[in-house]
Amino acid sequence: MDDLNSIYTDVIMEQSTATYNKHKLDGATNKEHGHNPSCGDDITLEIIMDGDVIKNIAFTGHGCAISQASTSIMIDLLKGKTKEKALRLINIFLKMVKRQKITDEEIEDLEEANALQNISNMPARVKCAELAWYTMQRLLEK
Ligand SMILES: [Zn+2]
């Protein structure tokens, strides 16, 4: 399998065109815009917090298949999590795509998002995969 095939897995192909997380969010309590100038990916995340729990997340915007898939996968993973847990998962994901050391248990905690692990073999696409996660981190730390 070459690098490209190992990145465009079924999960990523499916999620790159999925639209169920892509819409405006009625009653959003906060939002954050993210832009990746090296590719042109541009997303806005909206969330609804219920105390310390992320009750709902949605996004709008446009970008390449990797950025769109990564955003939708992240939303699936973080919805329903506490802010603290979400920030921990974001941190693990960002370490994974930068090829920093993470444990097998941490990789499992990422669920579907670990499908993006091989992106670390393509440095030019890492920013596409990271965009949503950095944007979410800023949003949660506001
Ligand atoms: Zn991109």
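To start, this report covers the structure provided alongside it. (Residues numbered from 1 in each chain as written. Predicted model: local features only at pLDDT ≥ 70, side-chain atom pairs only at ≥ 80, totals over all residues. Heavy atoms only, no water.)

1. Some details on the coordination of the zinc ion
Donor atoms from the polypeptide that bind the zinc ion are Cys-39 (SG), Asp-41 (OD), Asp-41 (OD), Cys-64 (SG) and Cys-128 (SG), placed at 2.2 to 2.6 Å. On the primary sequence, the residues serving as donors to the zinc ion are separated as C-x1-D-x22-C-x63-C. Owing to a relative accessible area of 37%, Cys-39 belongs among the partly exposed residues under this scheme. For Asp-41, a relative accessible area of 0% translates into the label buried. (Donors = N, O, S within 2.8 Å, 3.2 Å for Na, K, Ca; no water. Buried < 20%, exposed > 50% of the residue type's maximum accessible area, 1.4 Å probe, protein only.)

2. Looking at the environment of Asn-56
You can see Asn-56 is positioned in strand E3 (residues 53-62). On the basis of relative accessibility, which here comes to 25%, the residue Asn-56 falls in the partly exposed class. With near-sequence residues (within four places) excluded, Asn-56 lies in contact with Leu-25, Glu-46, Ile-47, Ile-48 and Lys-79. (Helix = DSSP H or I, 4+ residues; strand = E, 2+ residues; numbered from the N terminus. Contact = heavy atoms within 4.5 Å.)

3. Concerning a negative patch on the surface
A surface patch of like charges, here negative, comprises Asp-10, Glu-14, Asp-76, Glu-111 and Glu-112. By the element assignment, Asp-76 lies in helix H3 (residues 65-78). (Patch = residues over 30% accessible without salt bridge, like charges linked within 9 Å, V, L, I, M, F, W, Y side chains within 5 Å. Areas by Shrake-Rupley, 256 points an atom, 1.4 Å probe, with all protein chains shown as cover. Salt bridge = Lys/Arg side-chain N within 4 Å of Asp/Glu carboxyl O. Lys, Arg positive; Asp, Glu negative; His and termini not counted. Charge placed at Lys NZ, Arg CZ, Asp CG, Glu CD.)

4. Let's talk about the packing of helix H4 (residues 83-97) against helix H6 (residues 123-141)
Look at H4 against H6: their axes get within 10 Å of each other, and the N-to-C directions meet at 155°. In terms of their interaxial angle, H4 and H6 are classed as roughly antiparallel. Taken as a pair, H4 and H6 cross one another with a handedness that is left-handed. Along the contact surface, H4 presents Lys-83, Ala-86, Leu-87, Leu-89, Ile-90, Phe-93, Leu-94 and Val-97, while H6 presents Val-126, Ala-129, Glu-130, Trp-133, Tyr-134, Met-136, Gln-137, Leu-140 and Glu-141. Broken down by class, the residue content of the contact of H4 with H6 amounts to 13 nonpolar, one polar and three charged. (Axes fitted to C-alpha atoms, helices over the stretch in contact; angles between N-to-C directions. Parallel < 35°, antiparallel > 145°, perpendicular 65-115°, else oblique. Left-handed = near helix turned anticlockwise from the far one by under 90°. Nonpolar A, V, L, I, M, F, W, Y, C, P; charged D, E, K, R; others polar.)

5. Describing the pairing of strand E1 (residues 30-36)
Side chains on a regular strand alternate between the two faces of the sheet. In terms of strand pairing, E1 meets strand E2 (residues 41-50) through seven bridges, oriented antiparallel. Among the inter-strand pairings, His-33 is bridged to a residue of E2, identified as Thr-44. In sequence, E1 turns back onto E2 through a hairpin of four residues, with Gly-40 there showing a positive phi of about 100°. (Pairing = 2+ DSSP bridges.)

6. A closer look at the packing of aromatic side chains
As enumerated under the stated definition, the model contains one aromatic pair in all. Judged by centre distance (3.8 Å) and plane angle (5°), the rings of Phe-93 and Trp-133 are stacked. With a gap of 40 residues between them, Phe-93 in helix H4 and Trp-133 in helix H6 connect regions that are remote in the sequence. You can call Phe-93 buried: its relative accessible area is 0%. (Phe/Tyr/Trp six-rings, centres within 6.5 Å; stacked < 30°, edge-to-face > 60°.)

7. Some thoughts on the nonpolar core
The biggest cluster of nonpolar side chains holds 39 residues, and the ones touching the most others in it are Ile-66, Leu-78, Phe-93, Trp-133 and Met-136. Going through the elements one at a time, E2, E3, H3, H4 and H6 are the ones with two or more residues in this core. Met-136 has contacts with Leu-45, Ile-47, Ile-54, Ile-57, Met-74, Leu-78 and Ile-90, leaving out every residue within four places of it along the chain. (Core = buried A, V, L, I, M, F, W, Y, C linked by side-chain atoms within 4.5 Å.)

8. Considerations on the pattern of salt bridges
Considering all chains together, one arrives at four salt bridges under this definition. Across the pair Arg-88 and Asp-109 runs a salt bridge whose closest N-O atoms are separated by 2.8 Å. Taken together, the positions of Arg-88 in helix H4 and Asp-109 in helix H5 (residues 104-109) put the pair 21 residues apart, joining distant regions of the chain. Of the residues examined, Arg-88 reaches a relative accessible area of 36% and is grouped as partly exposed. Among the salt bridges present, the one from Glu-130 reaches Lys-98, with a minimum N-O distance of 2.8 Å. Residue Glu-130 is found in helix H6, and its partner Lys-98 is found in the loop between H4 and H5; the two are separated by 32 residues along the sequence. Using a relative accessible area of 9% as the deciding quantity, one classes Glu-130 as buried. Connected through salt bridges with shared partners, the residues Glu-32, Arg-138 and Lys-142 form a single ionic network.

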